[in-house]
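Observations on the three-dimensional arrangement
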Amino acid sequence: MRRGQYPNPTFLNKAEGIRKKRHTKLVIAVTVLVLVALFVLLIRTGARLEKQYEQEYPDLVGAATAVTTEHTELPPLTPLEPTETQATVPTETEEALVPIIYTEPPVETIDFTDLSADPFEEPEPFYFRTSYPLQTISHEQRDVLLDVLKQNVLDYINSNPGERICFRYINLDTGETLGLNDLEPIVPAGAFALPIELTYWHRVDMGFASPQYVITYDGTPVPGSSSIIASLYPPGKMFYLRTLVNLAITDNDDYALNVVLDRSGGIETVWNYLSTISGYINYTENAIYTDYQGSLMRGTGRTSCYDMAAYAEFLYYGYLSQPDVYQSLINDLAYNPIRSPFMTSFGEDVPVLHVMGRNETFHAYTDVAIIDASEPIVLIVYCECASFDRALTIEADISGHVANFLNACHASDST
């Protein structure tokens, strides 16, 4: 180009257009490559997570219509401390209680995409019978039979020195009571859901709580491993409080029970209310006792058969006077899918409204029930022994003595 001569504008415009087209094509090509790479990475990540999910939750893979879960432990409601023994001088030690509750695995359909609260369907209300047969023996004969019952249970306890057995019976019709070792500290485990919910429904009646309140599960780890909610549902899943109240009794769900405890004002508020009913053993303070192996134990979270029976008795009379307040709790106890060993003694046709507690760390097992037999009664049997199966046998055997006593009081051939 000669000096002083300017470039052709048309040529420059064409060159600029070509450069822009090349740049645009390059950007599109790079973008496509990035998208393809991300898509491949996403597929590989999904496959890896699916494989991991299958390994960790084999029972949930392909569960389009049902999910089966197993339950093991319900965590303590208050912090507890380790326990141990010394060979020479016993020392006071503490250990955290980790209750384990026996439950039948539920079968249900779960929609993991719908996080809204599922409505709770109340069952048909359970009603106690309105009349009971009259006893066919004299009061003097009944007193003798009650002494026989006491001796039979005492003999049973004494014949098993390697086990710790506590027992209390209350007749809700006559006021008759009988207890053996019923003032000793016990580990109630999940059975303590009964007095907690007794407090909760009282607070509902007072206007401090509502079963229609919606709780959102935030995914926070739950101590223990007995929570069907923590095991199956993703964070963000919502539940009506009524559902959690039910699961705390019928499924011994530790997450549900802790929410109910919180909505009841916390353990101090709960205990302040319960102590007005019965408070021989303070649940929030250390209790010292000797376990079934002869070890000296110390820790909070203990109660007694005397107290637990009193809570069940209070519920029964509270329901009779205020059925609208306690009907839901009565229903949950009556339709509890966990089978009580007391049914072995009283028969399958006799309503047993109960809640069980099971703690494998301390080998502690509890069943507390309101039994609508020929006479309405409260019965609680607590035992520390080698295994859960042995505990079921103990509870069935001792309840058998109680059933025999009531049958003898109503024997048709008695004179």
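Quantities reported herein were computed from a predicted structural model and do not represent experimental measurements.

Close contact between helix α8 (residues 305–321) and helix α9 (residues 323–334) brings their axes to 7 Å; oriented N to C, the two are set at 130°. Between α8 and α9, the interaxial angle falls into the category oblique. Crossing angle aside, the handedness with which α8 passes α9 is left-handed. Facing α8, whose interface residues are Phe314, Leu315, Gly318, Tyr319, Leu320 and Ser321, α9 presents Pro323, Tyr326, Gln327, Leu329, Ile330 and Leu333.

Moving on: the environment of Thr393. Among the structural elements, Thr393 can be located in helix α11 (residues 388–409). As a C-alpha pair, Thr393 and Pro341 span 52 residues in sequence and 7.7 Å in three-dimensional space.

The next point concerns the sheet that holds strand β10 (residues 364–372). The strands that make up a sheet pair up through hydrogen bonds in the backbone, lying either parallel or antiparallel. Strand order in the open sheet formed by 5 strands is β4-β3-β11-β10-β9, and the pairing between neighbours is antiparallel. Only two strands of the sheet have a single neighbouring strand rather than two, namely β4 (177–180) and β9 (352–359). On average, adjacent strands in this sheet sit at an angle of 5° to one another, irrespective of strand direction. Strands β3 (164–171) and β4 of the sheet are contacted by helix α2 (residues 139–158), whose axis makes an angle of about 20° with β4. Running over the sheet, α11 touches β3, β9, β10 and β11 (376–384) and is turned about 150° from β11.

The backbone of Ala189 sits at a positive phi, close to 50°, despite the residue not being glycine. Residue placement: Ala189 occurs in the loop between β4 and α3 (193–206). The residue His363 is not glycine, and still its phi comes out positive at about 50°. Tracing the backbone through its elements, the reader meets His363 in the loop between β9 and β10. Taking relative accessible area as the criterion, His363 reaches 22% and is therefore assigned partly exposed.

What counts as what
- Residues numbered from 1 in each chain as written.
- Predicted model: local features only at pLDDT ≥ 70, side-chain atom pairs only at ≥ 80, totals over all residues.
- Heavy atoms only, no water.
- Axes fitted to C-alpha atoms, helices over the stretch in contact; angles between N-to-C directions.
- Helix = DSSP H or I, 4+ residues; strand = E, 2+ residues; numbered from the N terminus.
- Parallel < 35°, antiparallel > 145°, perpendicular 65-115°, else oblique.
- Left-handed = near helix turned anticlockwise from the far one by under 90°.
- Contact = heavy atoms within 4.5 Å.
- Pairing = 2+ DSSP bridges.
- Buried < 20%, exposed > 50% of the residue type's maximum accessible area, 1.4 Å probe, protein only.

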